[in-house]
Amino acid sequence: MLSYDELAPPERELWDAFPEGRHVDLRAGVPEDDRVAEGGRWGPERTVRAAVIVALLLGANTAQPGAVACLRLAGARISGHLNLAGAQITYALWLEDCWFEESVNLLGASTQTLVITGSHVPGIEAYAARIEGTLDLRRSVVQSLASSPFNHVSTALSLSDARVAGGMLLNGAEISAPGGWAVAAGGLVMEGGVTCNGGFVARGEVRLPGAQLPGGLFMQGAQLLSPGPRGTALALDNAAGSTLDFSAGFTANGTVRVRGARVSNNLTFEGAVLNGPSGGRGASLAAPLMQAVDFDFTLAEPPSGWVDLRGAQVSNLYDSDHIWPEVVELDGFVYGSIKMDMGRERREAVGRRDSVVRRLAWIRRSPGYNPQPYEQLASWYRRAGHDDDARRVLLAKQRHRRQTLPRAARMWGHLLDTTVGYGYRPWLAGVWLLALTLLGTLSFDSRSPTPVKQDEGAPFQPLVYTLDLLIPIGGLGQRTAWYWPHDGLQWLAYLLIAFGWLLTTAVIAGVTRALQKN
């Protein structure tokens, strides 16, 4: 137990100020002497033992009536280990521009508002902590802890399974665990928002799997400079939040994972840079099974790695022409609309002359053949009132599918495509019928046929005779009444009969296929 007599002068000043919540400022007032990065050189006149802070927060000097006790300290060199593991703390802690000799341990602790701003801290362990207020680490430099039973890799800020009743402020903070976990916050429950704006920098993976973020996560302009041990810069798998904002120059040198994340409002990467793992050997964005209302993917530049949207569901997709990488996994991706910048506002990306061509090129970036991306795109065109564009998409689907079939099936597919466009271009059958009718009429008009029975049947009519050959059902009385002694014309008649059957079969098969799919 500490006694007042053994306290150093700055510790006595803090001890006396605590019951009334007065601010103790040990800074020299000279910028060169107040640089936190050089706090290890500060002398005894600016040194406060961590044990003194622990004693005060645990009630060693009780509050005075009519005052709110609070520990407010600035410009101090805090020596020793600030160990508050398991503590029940009823006072707020405000530390500004301090230099910590050792890490801060809040493992399983329950505390009020915790503010450590502009400070240098060699690691913060707050696994399963309960903070009944705001966690403020703005402008602080937090470096890595050694591995622990709770984090098997080097970690700088540990908040796994913690609960914060207010917000978390990391604006301008620099959190470093190169090759490890800069932030380990799996299962974190927030009641307020998490802001990492204003120059936030992380070295190592930022992990928030399963986090509850009803106030949103805001990382505008944040820099995730190096990934964790598996090439991941940010992990939000199965997290839930109102808004995930990675815009305004947000940069991730590693994979951004939002697998199974549920976003009740906006997931935005507007103006972001997704570099992915080095060498482009992994995904820049892994978002399978993600759910969001608005998904803004208008990046500053195309990502270096692939994008995985398999099974994702969004109401509105915002993109632009040149921001998708060479590989985009789209199987199972469902969207209600696609919007692009049109002048000063965003509108449905339909009606442009090259709209279908661009969207089909987007789908073909997905490896292999999957029918769902085509059907989803066609469904969007139909809802937008562009049925012709929808049919073009479905025709492209059949042509892509044909490449995966055996040779015989590919030949039949070519026939369906050529004759009726797989049922999506039935007018082609009319073109073929007209061309074959013209060919037969002109050819048969050049010679005279021989009647099967003399002086019986209707007079020979080249046009009617040709139609009788091409139409396999019924009869016009010409085909059975005349034959050709000339072998060439007789073979032409046989070919027209065959073409008639093939054309009719293709029309029935193609139209049936189209009706079944629509």
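Up top you'll find the structure we're talking about.
In what follows, the accompanying structure is described. Since the structure is predicted, the reported quantities are computational estimates derived from the model, not experimental observations. (Residues numbered from 1 in each chain as written. Predicted model: local features only at pLDDT ≥ 70, side-chain atom pairs only at ≥ 80, totals over all residues. Heavy atoms only, no water.)

Quick notes on the overall build of the protein
Turning to step 1, where the next piece is worked out: Of the regular secondary structure elements, the protein holds 9 helices and 40 strands.
Turning to step 2, where the next piece is worked out: When burial is assessed residue by residue, the protein has 51% of its 518 residues classed as buried.
Turning to step 3, where the next piece is worked out: Residue pairs in contact within the protein that sit at least 24 positions apart in sequence constitute 53% of those at least 6 positions apart.
Turning to step 4, where the next piece is worked out: For the protein, the exposed area adds up to about 23000 Å²; of that, 53% sits on carbon and sulfur atoms. (Helix = DSSP H or I, 4+ residues; strand = E, 2+ residues; numbered from the N terminus. Buried < 20%, exposed > 50% of the residue type's maximum accessible area, 1.4 Å probe, protein only. Contact = heavy atoms within 4.5 Å. Areas by Shrake-Rupley, 256 points an atom, 1.4 Å probe, with all protein chains shown as cover.)

Things to note about unusual backbone geometry
Turning to step 1, where the next piece is worked out: The backbone phi angle of Asp-97 is positive, close to 55°, even though this residue is not glycine.
Turning to step 2, where the next piece is worked out: Mapping Asp-97 onto the fold places it in the loop between strand E6 (92-96) and strand E7 (99-100).
Turning to step 3, where the next piece is worked out: In this structure, Asp-161 takes a positive phi of about 60° despite not being glycine.
Turning to step 4, where the next piece is worked out: With respect to the secondary-structure elements, Asp-161 resides in the loop between strand E16 (155-158) and strand E17 (163-164).

Comments concerning the pairing of strand E33 (residues 291-296)
Turning to step 1, where the next piece is worked out: Relative to E33, strand E30 (residues 262-268) runs parallel, the two being bridged by 5 bridges. Each bridged residue has a counterpart across the sheet, and for Leu-267 the counterpart in E33 is Phe-295. (Pairing = 2+ DSSP bridges.)

Some remarks on the packing of helix H3 (residues 355-363) against helix H5 (residues 387-402)
Turning to step 1, where the next piece is worked out: Interaxial distance between H3 and H5 falls to 10 Å at its minimum, and their mutual angle equals 35°. Handedness of the H3/H5 crossing: right-handed. Contact residues: Val-356, Val-357 and Leu-360 in H3; Asp-389, Arg-392, Val-393 and Ala-396 in H5.
Turning to step 2, where the next piece is worked out: Its residues placed into classes, the contact of H3 with H5 shows 5 nonpolar, no polar and 2 charged. (Axes fitted to C-alpha atoms, helices over the stretch in contact; angles between N-to-C directions. Left-handed = near helix turned anticlockwise from the far one by under 90°. Nonpolar A, V, L, I, M, F, W, Y, C, P; charged D, E, K, R; others polar.)

Examining the environment of Ala-390
Turning to step 1, where the next piece is worked out: Along the chain, Ala-390 falls in helix H5.
Turning to step 2, where the next piece is worked out: Separated by 11 residues in the primary sequence, Ala-390 and Ser-379 place their C-alpha atoms 7.0 Å from one another.
Turning to step 3, where the next piece is worked out: Setting aside anything within four residues of it in sequence, one finds Ala-390 in contact with Ala-378, Tyr-381 and Arg-382.

Regarding the packing of aromatic side chains
Turning to step 1, where the next piece is worked out: Scanning the model with the defined rule gives 12 aromatic pairs in all.
Turning to step 2, where the next piece is worked out: Centre to centre, the rings of Trp-324 and Trp-362 are 5.5 Å apart; their planes meet at 45°, and the pair counts as tilted. One end of the pair, Trp-324, is in the loop between strand E35 (313-318) and strand E36 (328-329); the other, Trp-362, is in helix H3, with 38 residues separating them in the sequence. Per residue, the accessibility class of Trp-324 equals that of Trp-362, and both read buried. (Phe/Tyr/Trp six-rings, centres within 6.5 Å; stacked < 30°, edge-to-face > 60°.)

As for the environment of Ala-222
Turning to step 1, where the next piece is worked out: Along the chain, Ala-222 falls in the loop between strand E24 (217-218) and strand E25 (223-226).
Turning to step 2, where the next piece is worked out: In this structure, the C-alpha to C-alpha distance between Ala-222 and Gly-198, residues 24 residues apart in sequence, is 7.3 Å.
Turning to step 3, where the next piece is worked out: Excluding residues within four positions of it along the chain, Ala-222 makes contact with Cys-196, Phe-200, Gly-249, Phe-250 and Thr-251.

Things to note about the packing of helix H4 (residues 371-383) against H5
Turning to step 1, where the next piece is worked out: In the contact formed by H4 and H5, the axes pass within 7 Å of each other and the chain directions differ by 170°. In terms of axis orientation, H4 runs roughly antiparallel to H5. Here Pro-371, Tyr-374, Glu-375, Leu-377, Ala-378, Tyr-381 and Arg-382 of H4 lie close against H5, whose contacting residues are Asp-387, Asp-389, Ala-390, Val-393, Leu-394, Ala-396, Lys-397 and His-400.
Turning to step 2, where the next piece is worked out: When grouped by side-chain class, the residues that make up the contact of H4 with H5 number 9 nonpolar, 1 polar and 5 charged. (Parallel < 35°, antiparallel > 145°, perpendicular 65-115°, else oblique.)

As for the side chain of Ser-337
Turning to step 1, where the next piece is worked out: Mapping Ser-337 onto the fold places it in strand E37 (residues 334-342).
Turning to step 2, where the next piece is worked out: Reaching out from Ser-337, the side chain makes a polar contact with the side chain of Asn-316 at a distance of 2.7 Å.
Turning to step 3, where the next piece is worked out: Excluding residues within four positions of it along the chain, Ser-337 makes contact with Ser-315, Asn-316, Leu-317, Glu-348 and Trp-380. (Polar contact = N/O pair within 3.5 Å; in protein donor to acceptor, adjacent residues only side chain to side chain.)

Let's talk about the pairing of strand E22 (residues 201-207)
Turning to step 1, where the next piece is worked out: Extensive coverage of E22 is indicated by the burial of 5 of its 7 residues.
Turning to step 2, where the next piece is worked out: One ladder, built from 6 bridges, connects strand E19 (residues 174-184) with E22; its direction is parallel. Of the residues in E22, the one forming a bridge with Ile-175 is Ala-202.
Turning to step 3, where the next piece is worked out: Sheet topology note: the E22/E25 ladder contains 3 bridges and is parallel. Residue pairing across strands places Ala-202 opposite Leu-224, the latter belonging to E25.

Some points on a nonpolar patch on the surface
Turning to step 1, where the next piece is worked out: Residues Trp-412, Leu-495, Phe-499 and Leu-502 make up a contiguous nonpolar surface patch of roughly 360 Å² in combined accessible area.
Turning to step 2, where the next piece is worked out: Top contributing element to the nonpolar patch by residue count: helix H9 (residues 487-517), with 3 residues.
Turning to step 3, where the next piece is worked out: By relative accessible area, Trp-412 is classed as partly exposed at 33%. (Patch = residues over 30% accessible without salt bridge, like charges linked within 9 Å, V, L, I, M, F, W, Y side chains within 5 Å. Salt bridge = Lys/Arg side-chain N within 4 Å of Asp/Glu carboxyl O.)

As for the environment of Thr-418
Turning to step 1, where the next piece is worked out: Assignment of secondary structure puts Thr-418 in helix H6 (residues 407-420).
Turning to step 2, where the next piece is worked out: Taking relative accessible area as the criterion, Thr-418 reaches 42% and is therefore assigned partly exposed.
Turning to step 3, where the next piece is worked out: Along the sequence, Thr-418 and Trp-432 sit 14 residues apart, while their C-alpha atoms lie 9.5 Å from each other.

No statement about biological role is implied by the geometric values presented.
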